[in-house]
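Residue-level structural notes
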Amino acid sequence: MLFNTPQFFLFLLVTLALFYALPKAARKPLLLLASYFFYMSWNWRFAPLLLTLTAIDYTAARWIEAADAIARRKTLLVVSLAANLAFLAFFKYFNFLAANFAALVGRPENAFGLQIVLPLGISFHTFQSISYLIDVYRRRQAAIRNVVDYALFISFFPQLVAGPIVRAHEFFADLYAWHAPTGEELNRGALLVIFGLAKKMAIADPFSLLADRYFGNLAAHPGALPAWSGVLAFAVQIYFDFSGYTDMAIGMALLFGFHFPVNFRRPYLAAGIADFWRRWHISLSLWLRDYLYIPLGGNRKGRLRTYANLMITMLLGGLWHGANWKFMVWGGYHGTLLAAERAVGRAIPRVITFVLVSIGWVFFRAATLRESISIIARMFHGPRGTVLWPRWQIDLILILLVLAMLEEKWQWFERIVRAPAWAYGAAMAVLLLGLELIGLTDVAVPFIYFQF
Amino acid sequence: MLTTRGFGLRLLCAAGMFILLEGALFRTGFYARLLEPNSSAGILRSILYDEKQRRPSGLPEVLTIGDSRMGLRARPANEISNETGYTFATIAMPGSGPRIWYYMLRDIDPTHRRYAAILIGVDEYDDEDYEDIANREMDIRYVTPLLRWSDVVPFAASFPTWQMRWEAARAALFKGYAYRADFQDLLANHKFRMKKLEAQQRMAGDLRYNQPWTDHDLRGLSVDWDKRTIEYPPGSSDSKKEMLRNVLLRETADQTGARGAYRSLWYGRIADLYRGSTTKLIFLRLARGPVARPYRVAYRTAAVRELAARNPQVILLPEHAFDSLEQPVNFGDPLHLNERGAQEFSRMAARQVAHALGR
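Residues numbered from 1 in each chain as written. Chains lettered and ligands numbered in written order. Predicted model: local features only at pLDDT ≥ 70, side-chain atom pairs only at ≥ 80, totals over all residues.

What to know about the overall build of chain A
The helix and strand inventory of chain A stands at 19 helices and zero strands. Its C-alpha atoms give chain A a radius of gyration of 23 Å, within 12% of the compact-globule value 22 Å for 452 residues. Intrachain contacts of chain A at a sequence separation of at least 6 include 74% that bridge at least 24 residues. (Helix = DSSP H or I, 4+ residues; strand = E, 2+ residues; numbered from the N terminus. Rg over C-alpha atoms; globule rule 2.2 N^0.38 Å. Contact = placed C-beta atoms within 7 Å.)

See the structure below:
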């Protein structure tokens, strides 16, 4: 049940209607049931896995909290983290490790591989669980007493599949002091849902066709301009796809009275790579900072250790995205850029930042590491070729760029949320018309981050 | 402080503005003028546009409608206007059917008084089931520009499957959705589209009126119906032979009555359109092919005959009036008349219509 399907919107409307129709005591069980229904609509066989992880972390957190001795608390934390990571490692990384081991001992790539289906959203809910366990260990978060509450924290359907990665203190603050959303929150929520849907279907999906055209048949498009066309099309696609999903998730949560953190802040206007990571997938960046980079020592142990910490953090961040060397290289590429930026001590201009980030996306989109390198070589070397973008898509991107710059300066989105009804209605009508006219609706193109 | 009532008002505003915006673009005829001229909806729009622009001749007028087999060409029919006393015009359109004709007639003749008669060409007066005509997706693409809000339910309900009902309702409700591919093509090739539209505006009407049909014929064609073998015209290509085989030797399907129900519904709606007006509805059975297939079907219904029997406004021309045209020399392919056949048919039909109308 993808967010961009009529079935999902029917599910959302029914859940919203029941949520507000039922007495308060029944709302949490309703959301939990709806979330499991949503999860099981993808693959019901993974429900026991989600339940198991929930049970392990719920119990472990209670034990960690109850333990007085630091050694026991640490042991419990390590065991529970190991359990979480073991599940993640098995489902996500087993075949990757097996293929590399096979290569090492000279056996065929799939000699030790297994037929493993990746459970939906496992990378996201595992990170959410880990942050909860660590927060409980650090005594910054009380262990949750009610198992339904905890299960809802892990499975809440707006963010179950691809985040944002919500911290326990944020979620439970909303859950335990729940109040009906204000009119302004409802306005923001509904607009975000439609805004996100338009981002996904009217921008990301049409650009996915361009990106697929290039990356799907490299031989047919020799030259630098086709390479740039394909890479930039993917840069547009991945941003509007993921931020569109996130807008929808945040908007839906708001409609239920939950406040998710901002996950994107116009990342392609970033001045420098560090600035980019303050604007791109913010909930993951903060998670990596708080639970990996800072525990590694952050920037407190000298320049070389800082660079090493940056590199380790970004390599693992890359690996989190996918079990493939190309994601490691992508992470390493960003780690190197971050370290270089820090070493130079000066932010990179916006345009160069965008170009560097776009080059990084090649590792994300290309089928293999070898193909990535070949594409990057084409971008800077060889025949010129022709631009693959039709004129109207170039115009569309220029309009979107102007809108992004205006948002940066004047926050027009928030102005629309607070605008008179007619102006709010007009903005939403334009979004709906855009969806109707340029949205790809024949096929529901899956969200890119659903694969992680 | 905004309230939830304010939120409701905003959603209403959004819905209202969307309807207004979409309506201004797609329900005022604004976008229809920009449709790709060679698309289904574009062809329909241009045929209707030409007919709306045509100057009245001063004589009573007969409008002919049908699919690509409706070989009545206005020019030869009008060359004998002195004899018949009528001017003929045609809005026959390839690939169309009674459902599309209904919406075309409603659009072209809103007062139901413009024409002395509507001449409808049909393949048979009886209803033979051989294709699922009621469930054709193409109909949606053709008539989207002509659909109104009030058509959502009746148009959608006229399709037999839920899948097509949904498609039809969506096209009637959200015209922008139906025009999506056309709109994206316009964005991508707007200069080329504008040039095409200008050229089409300049000459389409004259072109349709004056352009001769094919001068190919099928001389040498004969069929042994018992042995189910065909002697092809000399020099026939493989594709032409295949087409002849597919059309002339097609298997007879189970007679379910579905086509009868469909024709009864839409001819009935066309008759309702003209109820109380002085316009006659005249049906004629077209020349069926270069060689007529023998009757081997146990027909269950005859929608046209039943309509004529209960409605004095409906006239059936003699069923065999055009049998003499069913010769290989008059056909360019197994379905369509050639120039010679169309000229002859047009004059014959014009005289038959004049006779039926009392001249």
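Comments concerning the overall build of chain B
For chain B, the count of helices and strands is 15 helices and seven strands. What you see for chain B is a C-alpha radius of gyration of 22 Å, in line with the 21 Å of a compact globule of 359 residues. The principal-axis extent of the C-alpha atoms belonging to chain B is close to 85 × 50 × 50 Å. Sorting the 359 residues of chain B into buried and exposed places 38% on the buried side. (Buried ≥ 20, exposed ≤ 12 C-beta atoms within 10 Å, placed from the backbone.)

Quick look at the nonpolar core
Ranked by size, the top nonpolar core spans 210 residues in total, and within it A:Ile194, B:Ile118, B:Leu119 and B:Ile282 carry the most contacts. With 20 residues, the single largest contributor to this core is helix α10 (residues 224-255) of chain A. (Core = buried A, V, L, I, M, F, W, Y, C linked by C-beta atoms within 7 Å.)

Some words on the interface of chain A and chain B
On the side of chain B, 24 residues touch chain A, which itself brings 20 residues to the contact. Sorting the residues of the side of chain A that touches chain B by element identifies α9 (183-215) and α19 (421-438) of chain A as the ones contributing at least two each. Here the side of chain A that touches chain B gets 12 residues from one element, more than from any other, and that element is α19(A).

Regarding unusual backbone geometry
Positive phi, close to 50 degrees, is recorded for A:Gln411, a residue that is not glycine. By the C-beta count within 10 Å, which is 11 here, A:Gln411 ends up exposed. The phi dihedral of B:His112 is positive, around 60 degrees, even though this residue is not glycine. Positionally, B:His112 belongs in the loop between α5 (98-108) and β3 (117-122). For B:His112, a count of 16 C-beta atoms within 10 Å gives the class partly exposed.

A look at the pairing of strand β6 (residues 280-285) of chain B
Residues and elements named next belong to chain B. The element β6 is largely enclosed, with a buried count of six among its six residues. Residue alternation in β6 divides its side chains into two sets, Lys280, Ile282 and Leu284 and Leu281, Phe283 and Arg285, and both sets are buried. Taken together, the six bridges between β3 and β6 define a ladder with parallel strand orientation. Each bridged residue has a counterpart across the sheet, and for Ala117 the counterpart in β6 is Lys280. Note that β6 and strand β7 (residues 314-316) share three bridges and pair parallel. Counted as the bridge partner of Phe283 is Leu316 from β7. (Pairing = 2+ DSSP bridges.)

Notes on the sheet that holds strand β1 (residues 61-65) of chain B
All names here are of chain B. In space, the five strands of this open sheet follow the order β2-β1-β3-β6-β7, with parallel pairing throughout. The open sheet has two edge strands with one neighbour each: β2 (87-90) and β7. Strand-to-strand twist in this sheet, taken as the mean axis angle between neighbours without regard to direction, amounts to 25 degrees. Here four bridges tie β1 to β3, and the two strands are oriented parallel to one another. (Axes fitted to C-alpha atoms, helices over the stretch in contact; angles between N-to-C directions.)

A few points about the packing of helix α2 (residues 24-43) of chain A against helix α6 (residues 147-155) of chain A
All names here are of chain A. Taken N-terminus to C-terminus, the directions of α2 and α6 make an angle of 40 degrees; their axes are 9 Å apart at the nearest point. As far as their axial angle goes, α6 and α2 are oblique. Relative to α6, the crossing made by α2 is left-handed. Between α2 and α6, the contacting residues are Lys28, Pro29, Leu31, Leu32, Ser35, Tyr36 and Tyr39 on the first element and Val148, Asp149, Ala151, Leu152 and Ser155 on the second. Looking at the contact of α2 with α6 residue by residue, the class counts come to eight nonpolar, two polar and two charged. (Parallel < 35°, antiparallel > 145°, perpendicular 65-115°, else oblique. Left-handed = near helix turned anticlockwise from the far one by under 90°. Nonpolar A, V, L, I, M, F, W, Y, C, P; charged D, E, K, R; others polar.)

A look at the confidence of the model for chain B
With 97% of its residues at a pLDDT of at least 70, chain B reaches an overall mean of 89. Here the predicted complex scores 0.79 on pTM and 0.77 on ipTM. (pLDDT = per-residue confidence, 0-100.)

What about the domain arrangement of chain A?
Residue and element names in this part refer to chain A. You can read the domains of chain A as domain 1 (17-178) and domain 2 (184-271 + 349-438). On a C-alpha basis, the centroid separation for the pair domain 1 and domain 2 is 29 Å. With 10 residues of domain 1 in contact, the opposing surface of domain 2 contributes 12 residues. Listed by contribution, the elements that provide at least two residues to the side of domain 1 that touches domain 2 are α7 (157-160) and α8 (168-176). Considering only residue class, the side of domain 1 that touches domain 2 consists of six nonpolar, two polar and two charged. (Domains from an automatic or database assignment.)

Points about the domain arrangement of chain B
All names here are of chain B. When its domains are assigned, chain B resolves into domain 1 (19-53 + 134-211) and domain 2 (59-130 + 218-359). The straight-line distance from the C-alpha centre of domain 1 to that of domain 2 is 25 Å. Domain 1 puts 16 residues into the contact, and the matching count from domain 2 is 17 residues. Mapped by element, the contributors of at least two residues to the side of domain 1 that touches domain 2 are α2 (40-53), α6 (137-143) and α11 (190-210). If one sorts the elements of the side of domain 1 that touches domain 2 by residue count, α2 sits on top with six residues. Classifying every residue of the side of domain 1 that touches domain 2 by side-chain character gives 10 nonpolar, two polar and four charged.

Some words on the environment of A:Leu435
Residues and elements named next belong to chain A. Relative to the helices and strands, Leu435 resides in helix α19. Taking the C-alpha atoms as reference points, Leu435 and Ile273, 162 residues apart in sequence, are found 32 Å from one another. Setting aside residues no more than four positions away along its own chain, Leu435 makes contact with Leu197, Ala198, Met201 and Ala202.

Notes on the environment of B:Ala298
Along the chain, B:Ala298 falls in the loop between β6 and α14 (303-310). In this structure the C-alpha to C-alpha distance between B:Ala298 and B:Arg148, which are 150 residues apart in sequence, comes to 39 Å.

Remarks on the packing of helix α3 (residues 47-66) of chain A against helix α4 (residues 70-104) of chain A
Residues and elements named next belong to chain A. Between α3 and α4, whose axes approach to 9 Å, the crossing angle comes to 170 degrees. When the axes of α3 and α4 are compared, the pair comes out roughly antiparallel. Side by side, α3 and α4 meet where Leu53, Ile56, Asp57, Ala60, Trp63 and Ile64 of the first sit next to Arg73, Leu76, Leu77, Ser80, Ala83, Asn84 and Phe87 of the second. Here the residues of the contact of α3 with α4 are counted per class, giving nine nonpolar, two polar and two charged.

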